[in-house]
Amino acid sequence: MGIVGNLNPEQLQAFHSQGFLVIDSFSSPEEIDGMRKQMDQLLDEFNSSTVSIFSTKNQKKLTDDYFYESAEKISFFFEEKAFDDNGNLKQPKQLSINKVGHALHEFDPVFSKLSRSEKISSLFSSLGYKRPVIMQSMYIFKQPGIGGEVVPHQDNSFIYTDPPSCTGLWLALEDATIVNGCLWAIPGSHKNGLVRRFYRNEEGVHFDRPSPDYDQKQFVPLEVKAGSLVVIHGDLIHQSFENQSPKSRHALSLHIVDTEGCKWAPDNWIRRKVEPEPLYNS
Ligand code: FE2
């Protein structure tokens, strides 16, 4: 209650026409520094003998319990290329992790503070959300040299409500450029609806149909400075390439749905034992 929107009409218009919006200086350098230091500490405490590789290409690897249980935990996923032929890490664990997820926003005080901040709630108020709930959070490293690609997708495929209501927030914790693997998106592609779904059943997780072939010429790079926030419509087609550069590209991503007027799909991969607290309830 009492949440006032913080997007101006031009920003809303840009979001609705392009399917994404870049907000510069959304997070202060101190806020970014706090999150990066907190992640350094989480990594130091992490025992890297627990191995789970994250890949958007090889879905079989996603079917293990480690992945499912990460919906309600802080879990660590390695880059595919982090290991040598004998299964040993080629570099320190700090440079081998693809991402940490998917409930940092609930179980870590630093990430929870940002996730539940007034500026995030206000953003969802501007977008017309009645009862927004953060369904997942990911700290993405895009490690130098081995940071894996993320193939073209729509976030509504993975986090589905009826009707679809997912909005992604992507906060740059370092400058993101074409060189170190920034986001790329097809402007306006959110207007063509959801192409396919990623669902979970007894056999594991699957897509319900193959990915269309996208024309790479339609994608535009979203190069942003550290502290910039990219707001991503759930139907926007977006991707990022492998990071072959010597510079990492850290980012924090949150995915939010409306739980008022939109029904959470029971066959989503995320199955919560405890329903997450909404950001607000209007
Ligand atoms: Fe995405």
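Here goes a summary of the coordinates provided. If you're wondering where the values come from, they're calculated on a predicted model, not measured in any experiment.

**Remarks on the overall build of the chain**
On a plain count of helices and strands, the chain comes out with 7 helices and 15 strands. In terms of C-alpha radius of gyration, the chain reaches 18 Å, essentially the compact-globule figure of 19 Å for 282 residues. Dimensions of the chain along its principal axes, counting C-alpha atoms only, are 55 × 45 × 40 Å. Counting across all 282 residues of the chain, residues that qualify as buried make up 53%. Contacts in the chain between residues far apart in sequence, at least 24 positions, make up 85% of those at least 6 positions apart. For the chain, the exposed area adds up to about 12,900 Å²; of that, 51% sits on carbon and sulfur atoms. The centroid of the 29 positive side-chain charges in the chain is displaced by 2 Å from the centroid of its 37 negative side-chain charges.

**Things to note about the coordination of the iron ion**
Protein-derived coordination of the iron ion comes from His153 (NE2), Asp155 (OD) and His238 (NE2), at a distance range of 2.1 to 2.2 Å. Mapped onto the sequence, the residues coordinating the iron ion show the spacing H-x1-D-x82-H. Of this pair, His153 sits in strand S5 (residues 150–153) while His238 sits in strand S13 (residues 238–240), placing them 85 residues apart in sequence. According to the relative accessible area criterion, His153 is buried, its value standing at 16%. Taking the relative accessible area as the measure of exposure, His238 reaches 5% and is therefore buried.

**Considering the nonpolar core**
Counting 40 residues, the largest nonpolar core has Met39, Leu123, Phe124, Leu169 and Val231 as the members making the most contacts within it. Here this core takes 5 residues from helix H2 (residues 29–45), the largest share from any one element. Setting aside residues up to four positions removed in sequence, Leu123 forms contacts with Asn6, Leu7, Ile23, Phe26, Leu169, Leu229 and Val231.

**Focus: empty space enclosed by the protein**
One pass over the structure, following the stated rule, counts 2 cavities of 30 Å³ or more. Its boundaries defined by the atoms lining it, the largest cavity holds a volume of some 60 Å³. If you trace the largest cavity, you find it lined by Pro152, His153, Gln154, Ser157, Phe158, Val195, Arg196, Phe207, Ser211, Pro212 and Tyr214. For the lining of the largest cavity, the elements supplying multiple residues, two or more each, are S5 and helix H7 (155–158). Taken together, the residues that form the lining of the largest cavity break down as 6 nonpolar, 4 polar and 1 charged. Approximately 50 Å³ is the volume found for the second largest cavity. Mapped by element, the contributors of at least two residues to the lining of the second largest cavity are strand S7 (167–172) and strand S14 (251–258). Residue classes in the lining of the second largest cavity are distributed as 9 nonpolar, 1 polar and no charged.

The rules we used
- Residues numbered from 1 in each chain as written.
- Predicted model: local features only at pLDDT ≥ 70, side-chain atom pairs only at ≥ 80, totals over all residues.
- Heavy atoms only, no water.
- Helix = DSSP H or I, 4+ residues; strand = E, 2+ residues; numbered from the N terminus.
- Rg over C-alpha atoms; globule rule 2.2 N^0.38 Å.
- Buried < 20%, exposed > 50% of the residue type's maximum accessible area, 1.4 Å probe, protein only.
- Contact = heavy atoms within 4.5 Å.
- Areas by Shrake-Rupley, 256 points an atom, 1.4 Å probe, with all protein chains shown as cover.
- Lys, Arg positive; Asp, Glu negative; His and termini not counted.
- Charge placed at Lys NZ, Arg CZ, Asp CG, Glu CD.
- Donors = N, O, S within 2.8 Å, 3.2 Å for Na, K, Ca; no water.
- Core = buried A, V, L, I, M, F, W, Y, C linked by side-chain atoms within 4.5 Å.
- 1 Å grid on protein atoms, 1.4 Å probe; cavity = no way out; pocket = protein on both sides within 12 Å on 5 of 7 lines; lining within 4 Å.
- Points joined across faces, edges and corners; volume = space filled by probe spheres on them.
- Nonpolar A, V, L, I, M, F, W, Y, C, P; charged D, E, K, R; others polar.

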